[in-house]
Structures are given as structure tokens and as C-alpha cells.
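Each chain is listed here by its residues.
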Amino acid sequence: MDFVILSLTMIAIGIYGLLTKRDLLKVFMSVELITTGATLNFVMLTSSLGKGLGEAFLILAFSTDTVISGVVLALLVIVCKKYGTSDINEILKTDQKEETL
Amino acid sequence: MIFEIISTGLLISACLAIFLDEAIYSVSALACTFFFTSLLYLLNDAIYVAIFQFAVAVGTLAILFLSGEMLSTKSENKPSVKKLLILVFAGALISIPTILLSISSPSIVGSGIAFEEALWDLRGMDIVFQGLVLLTVALGTAIILYEKKRRA
């Protein structure tokens, strides 16, 4: 099984979602998919080669990923409460209206 | 064969997570993605990583469910069966290269150091400092949300 192709496909799906979706939650989920694809690639390579150090590094990478998720979700909740929507275009429009006023 | 089935499920659930409109269904599909990833790790003898991925996924998904429920407008729109079928078909279609271009991975098992040894002997200080970073970030997130609550 070539896991490189699998992880590349997952990263491609994530990048597509990142470029096309305008909802903040979807953007965040796309980033999660990209990180999952990248870690999948590393875990499969290191575990098939029997290198424990790679897996140890990935445990640290998972922690960092979780930290980023927590902070991004906190900021997302604040932005959505301030602007009343999670759509990026509407947030930009509201912001521009406030600037002109 | 089991790897191919799990890979196909992984890609189908990733497609559903991105393309479903309703936040709750989308987060449920992302949960399936994390579960399949964890299963792949487990089948490839990366047990610790699989357990860690599962634990992290449970935490992330709990927060995502909460924020998805908070942020989504209450609409009763269920995804149509036609759209679901199209997404499942698209997911199965893009998993074909993964299945067809299957190349057996190199099996040089046992050439490196053990996971436990690598984690505690080589990266022990990293783990301790990572704990400190995690605590700081948890505190920072709490402060961000507290400031907002006080202003409201």
C-alpha cells in the first residue's frame, strides 16, 4: 500500500476545501484534514521503517496541532459572536461598512 | 484488502466532511476520518500514535461539536440522498489511484530504536516543555474567552 498517494489525496482535498469554502468552520476542518494527511504520511513511513524517533516526534506534533485547534476555535467563536456570522465574505463586508462609517 | 477498504472509507469521509453543508453532519464525517486514520495507524503497528490520535480526535471533535452547534443557524435541512450518493461516489473515485498504485512499503523492521526509548530518553525534555506550552496555551485561550465575556 502506497500511503504517500493516500496522504497526498487527503492533502489535496484539504487544500481544495481551504480555497473554495467560505465558512470559517469548514476552513478550520480543511486545515485539520491537511495536518492529518501530513501526519499520516510520516507515521506510515516511520512505522514501516521501525524508527521509534519519528513516532516520538509525531506525538509532539499532535500536541502542537491540538494547541493550534484550541486557539483557533476560541478565536473563531469570538469572531462569530462579534459579527453574527461565520461566512468570510460577510465578515469582510461588515468590516468595510464599519470602516466607511 | 483491509487497508484498501479503510483508505476508501477515509477518503469518502474526508469528502463528506468538506462538502456537506450542515455543520453537525460535517463534523460527524470528520469524526469518521479521524477514526479511520487511527485504525490505519493501529494496523500498521503504530499503537501509541493510534491511541494518541484517538484521544486528540475525541478532544478536538468535542470542541468542534460544541462550536458547530453554537455557530450554526438552526435549520432543519437534511442533506439530500442524491448529494450524499454523489459525494460517496466521488470519494470512491478519488480513492482508486490509492488502491491501484499500491506499492508494498519497505519492511526494515527493527533497524531503529524503540518508540518508548525515543520518547523518554531522547525527547524527554521536549515532552516536559511541551507540557508547559500546553498549559500556557490553555491559560491564554481561557483569558481570550474571559475578556470577551466581561465585555459582553
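Residues numbered from 1 in each chain as written. Chains lettered and ligands numbered in written order. Predicted model: local features only at pLDDT ≥ 70, side-chain atom pairs only at ≥ 80, totals over all residues.

Caption draft 1: Structural context of the overall build of chain A. A tally of regular secondary structure across chain A gives four helices and zero strands. The linear arrangement of helices and strands in chain A, starting from the amino end, is α-α-α-α. The C-alpha atoms of chain A give 18 Å as radius of gyration, which overshoots the globular expectation for 101 residues (13 Å, by more than 25%). In terms of overall dimensions, chain A has C-alpha extents of about 60 × 25 × 15 Å along its principal axes. Buried residues in chain A amount to 32% of all 101 residues. When contacts within chain A are restricted to residue pairs at least 6 apart in sequence, long-range pairs at least 24 apart make up 47% of them. (Helix = DSSP H or I, 4+ residues; strand = E, 2+ residues; numbered from the N terminus. Rg over C-alpha atoms; globule rule 2.2 N^0.38 Å. Buried ≥ 20, exposed ≤ 12 C-beta atoms within 10 Å, placed from the backbone. Contact = placed C-beta atoms within 7 Å.)

Caption draft 2: A look at the environment of B:Gln130. Note on placement: B:Gln130 falls in helix α7 (residues 124-151). Residues B:Gln130 and B:Thr98, 32 residues apart in the sequence, show an inter-C-alpha distance of 35 Å. With residues near it in sequence (within four places) discarded, B:Gln130 still touches A:Leu60 and A:Ser63.

Caption draft 3: Expanded view of helix α4 (residues 88-100) of chain A. Under the 1.5 Å per step criterion, the end-to-end length of α4(A) is 19 Å for 13 residues, consistent within 8% with the ideal 18 Å. In terms of burial, α4(A) is a largely surface element, zero of the 13 residues being buried. (Expected span 1.5 Å × (residues − 1).)

Caption draft 4: Spotlight on the packing of helix α1 (residues 2-19) of chain B against helix α2 (residues 23-43) of chain B. All names here are of chain B. The contact between α1 and α2 brings their axes to 8 Å, and the two run at 155°. When the axis of α1 is compared with that of α2, the two are roughly antiparallel. Every pair of crossing elements has a handedness; the one defined by α1 and α2 is left-handed. Counted together, Ile2, Phe3, Ile6, Gly9, Leu10, Ser13, Ala14, Leu16 and Ala17 of α1 and Ser26, Ala29, Leu30, Cys32, Thr33, Phe36, Thr37, Leu39, Leu40 and Leu43 of α2 form the full contact between these two elements. Looking at the contact of α1 with α2 residue by residue, the classes come out as 14 nonpolar, five polar and no charged. (Axes fitted to C-alpha atoms, helices over the stretch in contact; angles between N-to-C directions. Parallel < 35°, antiparallel > 145°, perpendicular 65-115°, else oblique. Left-handed = near helix turned anticlockwise from the far one by under 90°. Nonpolar A, V, L, I, M, F, W, Y, C, P; charged D, E, K, R; others polar.)

Caption draft 5: Representation of the environment of B:Tyr41 in the model. Among the secondary structure elements, B:Tyr41 is positioned in helix α2. What makes B:Tyr41 buried here is the crowd of 25 C-beta atoms within 10 Å. The sequence separation of B:Tyr41 and B:Thr141 amounts to 100 residues, and the corresponding C-alpha distance is 30 Å. In this structure B:Tyr41 touches A:Val43, B:Ala46, B:Val49, B:Ala50 and B:Gln53, once residues within four positions along its chain are discounted.

Caption draft 6: Quick peek at the packing of α1(B) against helix α4 (residues 81-94) of chain B. Residues and elements named next belong to chain B. Contact geometry for α1 and α4: axes closest at 8 Å, N-to-C directions at 135°. Here α1 is positioned oblique relative to α4, judged by the angle of their axes. Here α1 runs over α4; the crossing is right-handed. Touching Thr8, Leu11, Ile12, Cys15, Leu16 and Phe19 of α1 are Leu87, Val88, Ala90, Gly91, Ala92 and Ile94, all from α4. Of the residues in the contact of α1 with α4, the class split is 10 nonpolar, two polar and no charged.

Caption draft 7: Spatial organisation of the nonpolar core. The biggest cluster of nonpolar side chains holds 39 residues, and the ones touching the most others in it are B:Ala14, B:Cys15, B:Leu16 and B:Ala17. Of all the secondary-structure elements, those providing two or more residues to this core are α1 (3-20), α2 (24-49) and α3 (52-83) of chain A together with α1, α2 and α3 (47-71) of chain B. Looking at which element gives the most residues to this core, the answer is α1(B), with nine residues. Not counting residues within four places of it along the chain, the set of residues in contact with B:Ala14 comprises A:Met10, A:Ile13, A:Leu33 and B:Thr33. (Core = buried A, V, L, I, M, F, W, Y, C linked by C-beta atoms within 7 Å.)

Caption draft 8: Seen up close, the environment of A:Tyr83. All names here are of chain A. Mapped onto the fold, Tyr83 is located in helix α3. Residue Tyr83 is classed as partly exposed on the basis of its C-beta count, with 17 C-beta atoms lying within 10 Å. Put simply, Tyr83 and Phe62 are 21 residues apart on the chain and 31 Å apart in space, counted from C-alpha to C-alpha. If we ignore the near neighbours within four places in the chain, the residues touching Tyr83 are Ile91 and Thr94.

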